[in-house]
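One-letter residues, chain by chain:
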Amino acid sequence: MRAKLVAANWKMNGSFSLLDNMLDVLIPYSGEESCQVVICPPNVLLSSLKKAVEGTKIEVGAQNVHTEISGAFTGETSAPLLKECGVQWCIVGHSERRVLFDESDEFIRNKTETLLKHGIRPILCVGESLEQRESGNHEEVVVTQLRKGLSGFAADDQSRCVVAYEPIWAIGTGKTATPEQANSMHSIIRKELESLASSEVAEKIQILYGGSVNVENAKILLTQSEIDGALVGGASLKIDAFPQIVAAGS
Ligand code: PEP
């Protein structure tokens, strides 16, 4: 049985005071009975988050990492430094990084490798654009991103990854994939994981859904057989929404 995981992607939003206020409400929702919870705030908040969640079930995530571990890469953050800040998880392959920062599948795969080497669990995002879905290419696009993102890793390393299926047309748009659309793509992803790794590894890997998850749709999405959790953007910044989404996954 795979545990449910609800992860917050704050993107370039949030503040020290939002972190304090969110944790005041969220910590009581994140007890023994709760699903796994990960918060991925901007990097400057990581150390404060780490301190504040000590002794709770909430875990610390980053939104990005560089492939190299040091050097002349102005503005970037290395995996060892993230680790020092207490980071346990890191998002890679988010469509905003793929599209706005031109990140290739190969670069994303190399980031995943760097994270695994430094004991940080990758949340590998995959997902198709509206055009790709409408032209019927969505399955091929997602399977290719997955294959390239996880290529060349040992089974043990693959099993430490989490996959997030995030159709681009559903991110920040208020348009959610139907539970059936999401569940069906998750089944395709799991089948692909079986051939990439093994059925044992595929059975272990959590596959999250992301794309306009909110308080209203969280329960139905999170109770689909193939949906093991959610990656939440906009609603993860709302104190009256994110704790309830965690409750829906618990
Ligand atoms: C995201 O950016 O990962 C995301 C899922 O955003 P939203 O929930 O706002 O659609």
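## Side note on helix α9 (residues 179–196)
Then comes step 1: Relative to the 26 Å expected for 18 residues at 1.5 Å per residue, α9 spans 25 Å between its end C-alpha atoms, a close match to the ideal helical length.
Then comes step 2: Taken together, the buried positions of α9 are occupied by Pro179, Ala182, Asn183, Met185, His186, Ile189, Arg190, Glu192 and Leu193.

## Thoughts on the site of the ligand
Then comes step 1: Around the ligand, a shell composed of 14 residues is seen, among which Lys11, Glu166, Gly172, Ser212 and Gly233 lie nearest.
Then comes step 2: Contact between the ligand and Lys11: an oxygen atom at 2.5 Å from a side-chain N or O atom of the residue.
Then comes step 3: In the model, an oxygen atom of the ligand is placed 2.8 Å from a nitrogen or oxygen of the Glu166 side chain.
Then comes step 4: Protein coverage of the free-state accessible area of the ligand, which is 300 Å², stands at 96%.
Then comes step 5: Class assignment for the residues of the shell around the ligand results in four nonpolar, eight polar and two charged.

## Description of the nonpolar core
Then comes step 1: Of all hydrophobic cores here, the largest spans 63 residues; its most connected members are Ile189, Tyr209 and Phe242.
Then comes step 2: For this core, the element with the most residues is helix α1 (residues 16–26), which contributes five residues.
Then comes step 3: Setting aside chain neighbours within four positions, we find Phe242 in contact with Val6, Ala7, Ala8, Met22, Leu26, Val37, Val232, Ala235 and Ser236.
Then comes step 4: One finds Leu5, Val38, Ile91 and Ala164 within the second-largest nonpolar core, a separate group that totals twelve residues.

Criteria and thresholds
- Residues numbered from 1 in each chain as written.
- Predicted model: local features only at pLDDT ≥ 70, side-chain atom pairs only at ≥ 80, totals over all residues.
- Heavy atoms only, no water.
- Helix = DSSP H or I, 4+ residues; strand = E, 2+ residues; numbered from the N terminus.
- Expected span 1.5 Å × (residues − 1).
- Buried < 20%, exposed > 50% of the residue type's maximum accessible area, 1.4 Å probe, protein only.
- Near = heavy atom within 4 Å.
- Polar contact = N/O pair within 3.5 Å; in protein donor to acceptor, adjacent residues only side chain to side chain.
- Areas by Shrake-Rupley, 256 points an atom, 1.4 Å probe, with all protein chains shown as cover.
- Nonpolar A, V, L, I, M, F, W, Y, C, P; charged D, E, K, R; others polar.
- Core = buried A, V, L, I, M, F, W, Y, C linked by side-chain atoms within 4.5 Å.
- Contact = heavy atoms within 4.5 Å.

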